[in-house]
Amino acid sequence: MSTRTRFAPSPTGYLHVGGARTALFSWLHARKHGGRFILRIEDTDIERSTIESVNAILEGMTWLGLEYDEGPIYQTERFDRYKEVIQQLLNSGDAYRCYCTKEELEQMRAEQMGRKEKPRYNGRCRLGAEPREGVEPVIRFRNPVEGAVIVDDMVRGKIVFNNSELDDLIIARSDGTPTYNLTVVVDDLDMGVTHVIRGDDHINNTPRQINILKALGAEPPHYAHVPMILGDDGKRLSKRHGAVSVMQYREDGFLPEALLNYLVRLGWSHGDRELFSLDEMIALFDIKDVNKAASTFNSEKLLWLNHQYIMNSEPEHVAHHLSYQMGKLDIDPVDGPDLVEVVKVQRERTKTLVEMAQNSVFFYRDFDSYDEKAARKNLKPAAVEPLTDMLNNFKALPEWSSKAIHKVVVEAAELRELKLGKVAQPLRVAVAGGPVSPPIDITLELLGRERTVQRIERAIAWVWARST
Ligand code: GLU
């Protein structure tokens with residue numbers, strides 16, 4: 001049977017890091033085995049599901065490049081099918097109507113707790129119950145009372161659940177709507193899912209789902225329960241640990257490949273290797289090698305990976321993502337050098353695309369003011385002469401190239417018997433507004449002659465205005 005995996009988020013929030021990792025593992029497993037990856041939106045909880053959240057999940061999947069072969073399939077469009085299966089279970093005797101009232105169930109619970117027993121349904125309606133006036137029944141699955149369910153989990157190994165520990169769970173509420181465990185089972189069955197890869201918060205649902213599948217005459221899929229992700233304080237990863245929505249990483253200037261590479265390493269390793277292209281991940285990933293223990297999120301490492309990807313990816317690819325950040329700063333890249341060239345000169349020195357965009361704005365737009373400290377240090381009256389020399393030579397250069405620009409800067413230093421830095425740094429502050437830019441000759445070449453000339457003139461005027 002060919003491999004079929006699914007990612008089945010509930011649309012009650014954005015796509016967070018934990019969900020994205022589960023999706024990645026499922027996606028990798030399908031890709032590795034030449035199978036298919038399905039996206040299923042588990043939106044039956046009408047109160048908590050939102051369309052914004054559905055969109056956020058789809059957006060996150062698209063940005064990460066986790067393309068799905070089937071779906072999105074919405075559970076809310078499948079109510080008729082769930083009803084059909086519930087009826088099938090009623091007909092076969094594997095489910096029954098339960099007329100116990102809320103009050104009765106609460107009392108049952110209180111008594112069990114009083115006896116220090118685990119609260120569970122005591123099976124009162126299991127042997128047949130008469131309809132009761134004014135009570136809309138729920139439908140319960142008739143769980144086997146004997147034997148055990150053995151889950152041979154691909155991550156956690158063998159887990160045994162005694163049926164005596166499982167009670168008869170509700171599969172349809174009194175309003176007829178199906179519950180989570182029922183919908184998952186029907187969907188995994190109908191969609192031919194062969195491998196269920198999901199968070200280990202679902203582990204206790206698994207024996208129940210297997211029992212329902214068996215009652216339906218189906219062979220249960222393989223399961224892999226992936227451990228949770230902790231924040232660096234050892235607590236479960238949450239908003240407190242900073243950006244946990246996948247799209248927040250886009251906002252913060254991360255490349256999707258860097259995040260994917262980071263996520264695959266959360267709980268999985270291949271020797272001591274850190275960098276994996278998508279193709280390498282597909283070739284090397286094995287769900288069986290995922291750690292049983294929880295993994296800890298490390299923002300520093302993610303940043304390091306992002307830097308690696310910024311430096312080593314195709315500049316065109318980085319430029320594509322950089323343009324998003326430039327857009328946020330209201331920069332239209334047609335107003336200056338080709339973004340690909342900017343990436344080439346900036347990539348060594350920036351860890352995020354936000355930083356790269358901020359450090360590149362001066363190529364496209366005049367700055368309002370100089371960095372105060374840099375200007376105080378570099379834009380002094382003593383800088384006016386070399387700046388003026390360079391200004392005149394720049395105007396006269398037959399060709400605007402970094403080589404020719406470099407020569408002008410070196411000659412300006414020699415002429416005034418100054419160290420190169422004493423000439424180059426005032427020039428840098430004049431054109432970039434601050435003390436940091438790529439090498440000055442390349443910076444000016446990209447900036448263009450017209451802007452260079454204007455900015456040097458502006459800097460000279462600024463020095464005069466301050467010194468009189
Ligand atoms: N909808 C469930 C969740 O978001 C996942 C169910 C599953 O993967 O089986 O936690």
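Shown above is the structure to which this text applies.
Residues numbered from 1 in each chain as written. Predicted model: local features only at pLDDT ≥ 70, side-chain atom pairs only at ≥ 80, totals over all residues. Heavy atoms only, no water.

Student: I'm lost on the overall build of the protein chain in this one. Help?
Tutor: Secondary structure assignment for the protein chain yields 19 helices and 12 strands. At 32 Å, the protein chain has a C-alpha radius of gyration far larger than the 23 Å of a compact globule built from 468 residues. Considering only intrachain contacts with a sequence separation of at least 6, the fraction spanning at least 24 residues in the protein chain is 75%. When the accessible area of the protein chain is evaluated, it comes to approximately 22800 Å², of which 49% is carbon and sulfur surface. Of the charged side chains in the protein chain, 61 are positive and 69 negative, and the gap between their average positions amounts to 4 Å. (Helix = DSSP H or I, 4+ residues; strand = E, 2+ residues; numbered from the N terminus. Rg over C-alpha atoms; globule rule 2.2 N^0.38 Å. Contact = heavy atoms within 4.5 Å. Areas by Shrake-Rupley, 256 points an atom, 1.4 Å probe, with all protein chains shown as cover. Lys, Arg positive; Asp, Glu negative; His and termini not counted. Charge placed at Lys NZ, Arg CZ, Asp CG, Glu CD.)

Student: Sorry if this is basic, but what is going on with the site of the ligand here?
Tutor: What surrounds the ligand is the set Arg 6, Ala 8, Pro 9, Ser 10, Glu 42, Tyr 180, Val 184, Arg 198 and His 202. The side chain of Tyr 180 places a nitrogen or oxygen atom 3.2 Å from an oxygen atom of the ligand. Here an oxygen atom of the ligand and a side-chain polar atom of Arg 198 are 2.8 Å apart. In isolation the ligand has 300 Å² of accessible area, and contact with the protein removes 81% of it. When the residues that make up the shell around the ligand are grouped by side-chain class, the tally is four nonpolar, two polar and three charged. (Near = heavy atom within 4 Å. Polar contact = N/O pair within 3.5 Å; in protein donor to acceptor, adjacent residues only side chain to side chain. Nonpolar A, V, L, I, M, F, W, Y, C, P; charged D, E, K, R; others polar.)

Student: I'm lost on helix 6 (residues 206-215) in this one. Help?
Tutor: Because each turn of an α-helix spans 3.6 residues, side chains separated by three or four positions in sequence point in the same direction. Within helix 6, eight of the 10 residues are buried, which leaves it mostly tucked inside the rest of the structure. All of the buried residues along helix 6 are Thr 206, Pro 207, Arg 208, Gln 209, Ile 210, Asn 211, Ile 212 and Leu 213. Directly after helix 6, the chain includes Gly 217, whose backbone phi takes a positive value near 75 degrees. (Buried < 20%, exposed > 50% of the residue type's maximum accessible area, 1.4 Å probe, protein only.)

Student: Hey, could you run me through the environment of Pro 386 in this one?
Tutor: Mapping Pro 386 onto the fold places it in helix 15 (residues 381-396). Each C-alpha atom, one on Pro 386 and one on Ala 424, is 9.4 Å from the other, the two residues being 38 residues apart in sequence. Contacts of Pro 386, omitting those with residues within four sequence positions, involve Ala 412, Arg 416, Leu 418 and Val 423.

Student: Hey, could you run me through unusual backbone geometry in this one?
Tutor: Working note: non-glycine residues mostly have negative phi, and peptide bonds are mostly trans. Gly 71 connects to Pro 72 through a cis peptide bond whose omega is 0 degrees. Counting through the fold element by element, Pro 72 comes out in strand 3 (residues 70-74). Its identity is not glycine, yet Lys 116 carries a phi of approximately 60 degrees, on the positive side. The class of Lys 116 is exposed, set by a relative accessible area of 78%. Positioned with a positive phi, Glu 417 is a non-glycine residue whose angle comes to about 55 degrees. The topology assignment puts Glu 417 in the loop between helix 16 (402-415) and helix 17 (420-432). In this structure Glu 417 comes out as exposed when scored by relative accessible area, which is 74%.

Student: How do you make sense of the nonpolar core when you look at a structure like this?
Tutor: Burial of nonpolar side chains together is a common tendency in soluble globular proteins. Of all hydrophobic cores here, the largest spans 104 residues; its most connected members are Phe 394 and Leu 427. Dropping the residues within four chain positions of it, Phe 394 is found in contact with Trp 400, Ile 405, Val 408, Val 409, Leu 427, Leu 444, Arg 449, Thr 452 and Ile 456. In terms of nonpolar packing, the next biggest core, distinct from the first, is built from 29 residues, Tyr 82, Ala 95, Leu 182 and Tyr 223 among them. (Core = buried A, V, L, I, M, F, W, Y, C linked by side-chain atoms within 4.5 Å.)

Student: Looking at this structure, how should I read the pairing of strand 10 (residues 222-226)?
Tutor: For a regular strand, side-chain orientation follows a simple rule: the groups alternate between the two sheet faces. Burial analysis of strand 10 places four of its five residues in the buried class, which makes it a mostly covered element. One ladder, built from five bridges, connects strand 9 (residues 195-199) with strand 10; its direction is parallel. Each residue of the ladder has a partner; that of Arg 198, found in strand 10, is His 225. With respect to chirality, the unit in which strand 9 leads through helix 6 into the neighbouring parallel strand 10 is right-handed. (Pairing = 2+ DSSP bridges. Right-handed = clockwise from strand over helix to strand, strands pointing away.)

Student: Looking at this model, I keep getting lost on a positive patch on the surface. Mind explaining?
Tutor: On the surface, Lys 373, Lys 377, Lys 380, Lys 419 and Lys 422 cluster together into a positively charged patch. With a relative accessible area of 42%, Lys 380 lands in the partly exposed category. (Patch = residues over 30% accessible without salt bridge, like charges linked within 9 Å, V, L, I, M, F, W, Y side chains within 5 Å. Salt bridge = Lys/Arg side-chain N within 4 Å of Asp/Glu carboxyl O.)

Student: Help me out: how do you make sense of the pattern of salt bridges in this one?
Tutor: Once their charged atoms are close, side chains differing in charge can pair, the charge on each being opposite to the other. Scanning the entire structure with this criterion turns up 31 salt bridges. Note that Asp 188 and Arg 40 form a salt bridge whose closest N and O atoms lie 2.8 Å from each other. Residue Asp 188 is located in helix 5 (residues 180-190), and its partner Arg 40 is located in strand 2 (residues 36-41); the two are separated by 148 residues in the primary sequence. For Glu 165, the salt bridge is made with Lys 118, and the minimal N-O distance between the two is 3.3 Å. Of this pair, Glu 165 sits in the loop between strand 7 (157-162) and strand 8 (170-172) while Lys 118 sits in the loop between helix 4 (102-114) and strand 5 (138-141), and the two are 47 residues apart along the sequence. Note on Glu 165: relative accessible area 44%, which makes it partly exposed. Taking the relative accessible area as the measure of exposure, Lys 118 reaches 52% and is therefore exposed. What emerges from the salt-bridge pattern is a single network uniting Arg 6, Arg 40, Glu 42, Arg 78, Arg 81, Glu 84, Asp 187, Asp 188 and Asp 190.

Student: For this particular structure, what's the right way to read the side chain of Thr 452?
Tutor: Here Thr 452 is to be found in helix 19 (residues 449-467). Residue classification places Thr 452 among the buried residues on the basis of a relative accessible area of 0%. Only 2.6 Å separates the side chain of Thr 452 from the backbone oxygen of Gly 448, close enough to count as a polar contact. Sequence-distant contacts of Thr 452, that is, excluding residues within four places in its chain, are made with Phe 394, Trp 400, Val 431, Leu 444 and Leu 447.

Student: Can you walk me through the packing of helix 15 against helix 19 in this structure?
Tutor: For any two helices packed against each other, the geometry is given by the interaxial angle and the distance between the axes. Relative orientation of the contacting elements helix 15 and helix 19 amounts to 155 degrees, with a least axis distance of 10 Å. In terms of their interaxial angle, helix 15 and helix 19 are classed as roughly antiparallel. Where helix 15 crosses over helix 19, the two elements pack in a sense that is left-handed. Here Pro 381, Val 384, Leu 387, Thr 388, Leu 391, Phe 394, Lys 395 and Ala 396 of helix 15 come into contact with helix 19, specifically with Arg 449, Thr 452, Val 453, Ile 456, Glu 457, Ile 460, Val 463, Trp 464 and Ser 467. Residues belonging to the contact of helix 15 with helix 19 are distributed by class as follows: 11 nonpolar, three polar and three charged. (Axes fitted to C-alpha atoms, helices over the stretch in contact; angles between N-to-C directions. Parallel < 35°, antiparallel > 145°, perpendicular 65-115°, else oblique. Left-handed = near helix turned anticlockwise from the far one by under 90°.)

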